[in-house]
Amino acid sequence: MTTSVENTEERAEDLPPGTTPYYARMHKWIKRAVLVCLVALVIEGAFTLPFMAVYYGYPTLSLTEICSELLKVRYSDDTLECQVPYPAFGPPEGAEGKDTAQDEWGIQPVPQYNRIGFRELVQIHQEREAREAAQDGTS
């Protein structure tokens, strides 16, 4: 009888703080499940940015140009540009364009811009550059 009590006390000393012997096995499996989920999220995140960059037109546009074009489309303002590196104590990203956005603002905002298709930002960027070049040529 004393050996089982001693074994329980020894096992309880080996457990992390806040874990009782009764729940030790459950905590071990929860810890494993959380680690698997975290690894899956890291892998997903590692593959998401490259695929999204190619979808938006990466080889033709740089990442900064893609960011700027997304801001221009989202906020309907051709003057917005991504700031790289972003100022440490600057306003939240996109705060300056919120006034020009044509969205329906409320508890759940409804965007009024069209969905951007595969490599459509390249076309939008080239059309914007052509308009600016035409305006500079006529001025």
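- The protein has the name Transmembrane protein in an unreviewed UniProt entry, where Mycolicibacterium parafortuitum is given as its organism.

1. Some points on the nonpolar core
Part 1 of the reasoning: With eight residues, the main nonpolar core is built from Y56, L61, I66, V73, I116, L121, V122 and I124.
Part 2 of the reasoning: Of all the secondary-structure elements, those providing two or more residues to this core are α3 (63-75) and α4 (120-138).
Part 3 of the reasoning: In this structure L61 touches Y56, I66, L121, V122 and H125, once residues within four positions along its chain are discounted.
Part 4 of the reasoning: Grouped together as the second largest cluster of nonpolar side chains are five residues, Y75, L80, C82 and A101 included.

2. A few points about a negative patch on the surface
Part 1 of the reasoning: Together, E65, E129, E132 and D136 give the surface a local cluster of negative charge.
Part 2 of the reasoning: Broken down by element, the residue count for the negative patch peaks at three residues, all from α4.

3. Let's talk about the layout of surface pockets
Part 1 of the reasoning: Its boundaries defined by the atoms lining it, the largest pocket holds a volume of some 370 Å³.
Part 2 of the reasoning: With five residues, α3 is the largest single contributor of residues to the lining of the largest pocket.
Part 3 of the reasoning: When the residues that make up the lining of the largest pocket are grouped by side-chain class, the tally is 10 nonpolar, three polar and five charged.
Part 4 of the reasoning: Each pocket or cavity is described by its volume, and for the second largest pocket that value is around 160 Å³.
Part 5 of the reasoning: Every residue along the wall of the second largest pocket is listed here: L49, M52, A53, Y56, L63, I66, C67 and L70.
Part 6 of the reasoning: Those elements that provide at least two residues to the lining of the second largest pocket are α2 (24-56) and α3.
Part 7 of the reasoning: For the lining of the second largest pocket, the per-class residue count stands at eight nonpolar, no polar and no charged.

Thresholds, definitions, all that
Residues numbered from 1 in each chain as written. Predicted model: local features only at pLDDT ≥ 70, side-chain atom pairs only at ≥ 80, totals over all residues. Heavy atoms only, no water. Core = buried A, V, L, I, M, F, W, Y, C linked by side-chain atoms within 4.5 Å. Buried < 20%, exposed > 50% of the residue type's maximum accessible area, 1.4 Å probe, protein only. Helix = DSSP H or I, 4+ residues; strand = E, 2+ residues; numbered from the N terminus. Contact = heavy atoms within 4.5 Å. Patch = residues over 30% accessible without salt bridge, like charges linked within 9 Å, V, L, I, M, F, W, Y side chains within 5 Å. Areas by Shrake-Rupley, 256 points an atom, 1.4 Å probe, with all protein chains shown as cover. Salt bridge = Lys/Arg side-chain N within 4 Å of Asp/Glu carboxyl O. Lys, Arg positive; Asp, Glu negative; His and termini not counted. Charge placed at Lys NZ, Arg CZ, Asp CG, Glu CD. 1 Å grid on protein atoms, 1.4 Å probe; cavity = no way out; pocket = protein on both sides within 12 Å on 5 of 7 lines; lining within 4 Å. Points joined across faces, edges and corners; volume = space filled by probe spheres on them. Nonpolar A, V, L, I, M, F, W, Y, C, P; charged D, E, K, R; others polar.

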